[in-house]
Amino acid sequence: MYLFARLQVYNVSYMNKQIATLFFVLGLLLSTVCAQAKAILFNEEAGLNNIEVTAITKDKSGMMWIATKHGLYKYDGNTFSEIAPLKKLFIYTILYDEFRDVVWIGTDMGLQYISCKDGHIIQCTPSSKKNAVMCLALFHSNIIVGFHYKYILQIAPDWSCKVIYHFAQGQLKNNRMQVDRLGNIYARLTKRDDIIKLVAGTEKVAYIPSQRNRSITFLTLISDQLYAGGVNIGIKNLTHAAHAIISFDSLNSVKQDPEYLLDQKDHVLIGYRNFTKIIKIEKKTFKTTDISVNDNNVIGHKRIFCLYEDEFNVIWIGTNKGLIKLIPDKPKPVFEKLLYNEPKKVSTRQIIEDTNGDIYVASYVGFLKYEKRRHTWTNRDKIMYQGKTEPFSLRSLLNVDTSYIYMGSDANYFVRYNKHTQSIESLFYRSEDGMCDTKGSSLALVQDIEGIIWLGSENGLLSFDIVKSKLFCHTNDKYSVGGSAVRFMYMLPGKKQFWVGTDKGAYLVDKYKGTMFYIDERTTPALSGSLINAITTDTKGNIWIATESGGINVLSADLKKIYTIAKEDGLSSNEVYSMQWQDSVRLWISTYNGLNYYHTQTQTIIQYYKSDGITDNEFNQNSSFRANDGKLYFGGINGITSFYPPQLDIHEIPYQVFVSGIHKWEKESKEIVDVHVQADNKIVMYPGDNLLSFSFSVTDYTAPELHTYFYKIEGQHAADWISLGTESTLRLESLTSGEYKLLIKATKGSRGISSTNILTYNLLVKQTFYQTIWFYLLLATGIAALIYFYFLNRLHNQKKLELLRMKIASDLHDEVGSLLTRITMSADRLATRMSRDSETRDKLEGVATLSREANVAMSDVLWAIDSRNDFTGNLTDRMREHAEDLLFPRGVSLSIDFAKIDHQEKLSPEFRQHLFLLFKETINNIIKHSNAQNVQITYKQSKEHCLLKVKNDGVIPNKETVYTGQGLSNIKMRAELLKGTSVIHKTEDSFEVTVLI
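Residues numbered from 1 in each chain as written. Predicted model: local features only at pLDDT ≥ 70, side-chain atom pairs only at ≥ 80, totals over all residues. Heavy atoms only, no water.

## Things to note about the pattern of salt bridges
Note the threshold: A pairing counts as a salt bridge when a side-chain nitrogen of Lys or Arg comes within 4 Å of a carboxyl oxygen of Asp or Glu. The secondary structure listing takes helices from DSSP runs of H or I that are at least 4 residues long and strands from runs of E that are at least 2 residues long, numbered from the N terminus. Residue exposure (1.4 Å probe, protein chains only): buried if accessible area is under 20% of the type maximum, exposed if over 50%, otherwise partly exposed.
All told, the structure shown has 19 salt bridges when counted by the stated rule. The shortest N-O distance in the salt bridge between Asp448 and Lys511 comes to 3.0 Å. Here Asp448 is found in the loop between strand S42 (442–447) and strand S43 (453–457), whereas its partner Lys511 is found in the loop between strand S48 (505–510) and strand S49 (514–519), with 63 residues between them in sequence. For the pair Asp448 and Lys511, a shared accessibility class is recorded, and that class is buried. One salt bridge connects Asp700 with Lys748, and the closest N-O pair in it is separated by 2.5 Å. Of this pair, Asp700 sits in the loop between strand S64 (691–698) and strand S65 (708–714) while Lys748 sits in strand S68 (residues 738–748), and the two are 48 residues apart along the sequence. Owing to a relative accessible area of 7%, Lys748 belongs among the buried residues under this scheme. Salt bridges sharing partners connect three or more residues here, namely Glu371, Arg373 and Arg374.

And the structure:
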């Protein structure tokens, strides 16, 4: 028996209703078809340990929840996972609450809910048989709870509760409560013949009387109409409305014993008990389909407890013998094959259409024309060239007007087809002045706003003036593309600018300004590949550039930003040959390995291969076309694939990848534990946690065995994605300490459609204590303290040394200096008392002289020792004093430049002493070895260097005296001690010593 459905209008006569019913039933009998579906049974062998499935739902992440008579299970398309704390509970119903992200669970021991985020289970009512929950419903984030005994409860969004109905007699069974869009609640209580209606916002209770209510096993709302169904009553409308949307004729459905009815957006699913079947009824057309007829071996002989249809149209059936997945087959795409499997294989290039709708094809075997009026193909595969008939191989076509089609060949010529005479006229590659380099093929043709034809050749751009019949080369002018081979040209709207794709990048050429922009793999922004096969633009002005090895590059309209669509994003190949827009958001892409459909908004990619009906997986460069009627043509190595995109019935629903479980080996407990992700998707691993595993799946459960997963770890791996194949578990072992970013994505099916999301997890692998930053900071602090105390002690010792030097200098000056002064004075007094020719007087004067010299020498030593003189200003004062004392008595003019110094800069005693002694040696040399009248002294100081320069005139011409003296050696030696260099420069009338330190 089949289910009958008819449109019933209550305000027509009984006769009219019978006639309408008769015709509708006949229509349904004619329209009832058998769906090609595939049913899969999951039972104990699949991991579903309890096979009596009572309820099914799906949360927002994509995880399915399966309720049974003995517990709750999670299912991710690959594995059933039992929720251990609920193992022994009889679960009547479950409901996913997106507002709270929890699954409400109605059990024989009360109401509970489980958090989808962390798996925590909360018992909402005392655990008792008296609190058994039979029904759950959702209304504007309010949870309506129907208990088996006594009352119906409402849980508000703020978690407050109130009893909205209390029944003293009767019981509420599962599947016997519904809430409509206004908040009215309908319930069927046992021991009553009526169905109660709790009016929203009031305490009013209405009753819906009906016969045989005791036989009702479920209630369902369809478009605000209440339907009841059950054994021996079929399905009937209980709402007294002027226009019932659907009325089920119970005449022939009674014996089918409907057990469950599921209302969907555009259809209804009904599960029947006798002959166990699933019937689908379209709401608009009332078309009835038995979608289980081909799977009776799986679905038959089972009780149906519940039905669920997910967003991918997969139907899930809960039965007394397991969970059944029912997958309706989708129609295969229909492609038309042109020039396919010809005796002489046709490998096509450019395809164009004229105003008559005739199609012209450039190919390796000639010039082909499809005459639309006659539905016939003709081919010209020969051409007269220099008096000889030669094979004719074409690369490019351009429909200029109603008279001519211009053609570029693989050989060294340029021809046109005369539509009126149907003959080919030669326009050979030559210019009037003979300056054109005509090497190579004519690979691309476009026409600008002035009617000039632009030719892309293997060594750059050429242009052809149709009126003057002249060919011009552009190898060294403003239109030059650097001698690159031009493979493709795309004229922009307005025909004043066009893009040129070459084997070395892409150029933007302006008709009047010349080449304006260039991009390749080395520019900023940069292409992912410089060999260009095709270029197009979208409605926003973005430039889509197809490359030979780098997929598609999308360049922004302002030419400043770029992103890539490649194989890792779902393309069937990175060798992209051609692109054609279906509309403003849908792009068709031919490649070396398959045809691709790309939706720019959802970023969905669908791949089509030879098995789907296209001529071949390998297409050709510059071989695609969109006809005036919207039909698309793509040429390949074996003819042309053509199709009308709307006829392919592309309704791929975007899907997402999700993680169904994260586990790690915990060193402390020495077992595998669940990992709960923190708010920022952060996962912390502690020292000794050597294993971290992720289980994942996708929200589309149609064919999980065809899903492919990819991952990469930023900070550890290269930029490329690593494929896991169909393996749905990722195991990371012995991660070194540090921070990582884990990325996971998926593709599904043979077409490789990419998930719309990429999962991101931030992994923090903590270091052992001796590897932590705190340990290093503590260690660094300790080392810094040691260094500090070392230098503090060194500074203290240095200060002690300076004090000692100061004390020694003071003591020597006070004691020895005064002693030498007394000796000098005593010798002078004694000498004055002696006669002038006395030998004793001469000796006393010698003693006095030696004493004075000793005092001067000691003064220099004391000056060097005294730490109070360790400044640049003290050094320069001493240098000035020494020079003036020696040079002024000899009548030598002295010029001193000490302007560029810092008088307060601290100097080391060794530096100060060596530099002063070097200076003294230089002055002594001037006194001893020159007749100088003028001496110039310069001392400059910077952060990096010190410069001392002493220059004098009055050079004695005796070279030996100058260069063999000990003084210059001492100067050089002391310069080396100061880690500097000395330079001696002599001219006929000057001598200069320069020391750079």
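## Digging into the pairing of strand S8 (residues 91–97)
Using the following cut-off: Paired strands are those between which DSSP finds at least two bridges.
Within S8, 7 of the 7 residues are buried, which leaves the element mostly enclosed by the surrounding structure. Between S8 and the antiparallel strand that follows it, strand S9 (residues 102–107), lie 4 residues; Asp101 among them carries a positive phi value of about 55°.

## Here's the deal with the packing of helix H5 (residues 872–887) against helix H6 (residues 909–929)
What counts here: Lines fitted to C-alpha atoms define the axes here, with helix axes fitted over just the stretch in contact, and angles between the N-to-C directions of these axes take values from 0 to 180 degrees. Any angle from 65 to 115 degrees is called roughly perpendicular, while one under 35 is roughly parallel, one over 145 is roughly antiparallel, and all others are oblique. Here a crossing is taken to be left-handed if its near helix is turned anticlockwise relative to the far helix by less than a right angle, and right-handed if that turn runs clockwise. Contacts: residue pairs with any heavy atoms within 4.5 Å of one another. Residue polarity follows a fixed list, in which Ala, Val, Leu, Ile, Met, Phe, Trp, Tyr, Cys and Pro are nonpolar, Asp, Glu, Lys and Arg are charged, and the others, Gly among them, are polar.
Running from N to C, H5 and H6 cross one another at 20°; their axes reach a closest spacing of 11 Å. Judged by the inter-axis angle, H5 sits roughly parallel to H6. Where H5 crosses over H6, the two elements pack in a sense that is right-handed. Seen from H5, the contacting residues are Leu875, Arg878, Met879, His882, Ala883, Leu886 and Leu887; seen from H6, they are Arg912, Leu915, Phe916, Phe919, Lys920, Ile923, Asn924 and Ile927. Here the residues of the contact of H5 with H6 are counted per class, giving 10 nonpolar, 2 polar and 3 charged.

## Remarks on the nonpolar core
For clarity, the cut-off: Buried Ala, Val, Leu, Ile, Met, Phe, Trp, Tyr and Cys residues that are joined via side-chain atoms within 4.5 Å together make up what is termed a nonpolar core.
Ile66, Leu72, Trp316, Trp588, Phe694, Leu742 and Leu763 are the most contacted members of the largest nonpolar core, which totals 87 residues. The contacts of Leu742, once residues within four sequence positions are left out, are Phe694, Tyr711, Lys712, Ile713, Leu730, Leu732, Leu759, Thr760, Tyr761 and Leu763.

## What about the environment of Arg890?
We count it as follows: Under the rule applied, a polar contact is a pair of N or O atoms within 3.5 Å (in protein, one hydrogen donor and one hydrogen acceptor; residues adjacent in sequence only if both atoms are side-chain atoms).
Positionally, Arg890 belongs in the loop between H5 and strand S71 (893–897). For Arg890, the side chain forms a polar contact with the main-chain oxygen of Leu886, separated by 2.7 Å.

## Digging into the pairing of strand S12 (residues 133–139)
In the case of a regular strand, side chains alternate between the two sheet surfaces. Counting buried residues along S12, 6 of its 7 residues qualify, which places the element largely inside the surrounding structure. With 6 bridges connecting them, S12 and strand S13 (residues 142–147) associate as antiparallel partners. Residue pairing in the sheet places Leu136 in a bridge with Val145 of S13. Between the end of S12 and the start of S13, which pair antiparallel, lie 2 residues, with His140 showing a positive phi angle near 50°.

## Remarks on the packing of aromatic side chains
Quick reminder of the rule: Two aromatic rings, drawn from Phe, Tyr or Trp (for Trp, its six-membered ring), form a pair once their centres lie within 6.5 Å of each other, and the interplanar angle then sorts them: stacked below 30 degrees, edge-to-face above 60, tilted otherwise. Placement of a positive charge over a ring is assigned whenever Lys NZ or Arg CZ falls within 6 Å of the ring centre and within 35 degrees of the normal to the ring plane.
Counted according to the given criterion, the structure contains 39 aromatic pairs. Taken together, a centroid distance of 5.2 Å and an interplanar angle of 85° make the contact between Phe335 and Phe643 edge-to-face. Of the two residues, Phe335 sits in the loop between strand S30 (322–328) and strand S31 (336–338) while Phe643 sits in strand S60 (residues 639–643), which places them 308 residues apart along the sequence. A relative accessible area of 2% places Phe643 in the buried class. Linked through ring pairs, Phe335, Trp588, Tyr597, Tyr608, Phe619, Phe634 and Phe643 together constitute an aromatic cluster. Between Arg100 and the ring centre of Trp159, over which it is positioned, the NZ or CZ distance is 4.8 Å. Sitting over the ring of Tyr340, Lys337 keeps its end group 4.4 Å from the ring centre.

## Observations concerning the sheet that holds strand S75 (residues 991–996)
Pairing between the strands of a sheet is mediated by backbone hydrogen bonds and can be parallel or antiparallel. Strand order in the open sheet made by the 5 strands is S71-S72-S73-S75-S74, with mixed pairing throughout. The open sheet has two edge strands with one neighbour each: S71 and strand S74 (981–986). Averaged over all pairs of adjacent strands, the angle between strand axes in this sheet comes to 10°, irrespective of strand direction. Pairing geometry for S71 and strand S72 (residues 934–941), over 5 bridges, is parallel. Looking at S72, one finds that Leu894 is bridged to Val935. Lying on the sheet, H5 is in contact with S71, S72 and strand S73 (946–952); it crosses S72 at an angle near 175°. Its contacts with the sheet put H6 on S72, S73 and S75, and the angle it makes with S73 is roughly 10°.

## Concerning the side chain of Ser990
Inspection of the secondary structure assignment puts Ser990 in the loop between S74 and S75. A residue is classified by how much of its surface remains accessible, and Ser990, at 12% relative accessible area, is buried. Among the polar contacts listed, one links the side chain of Ser990 to the side chain of Thr987, at a separation of 2.5 Å.

## Thoughts on the sheet that holds S48
Pairing in this open sheet of 4 strands is antiparallel, and the strands run S46-S47-S48-S49 from one edge to the other. This sheet does not close on itself; its edge strands, each paired only once, are strand S46 (486–491) and S49. On average, each strand axis in the sheet is inclined to that of its neighbour by 25°, with strand direction left out of account. Sheet topology places S48 next to S49; 5 bridges connect them, and they run antiparallel. Its bridge partner lying in S49, Tyr507 is registered against Tyr518.

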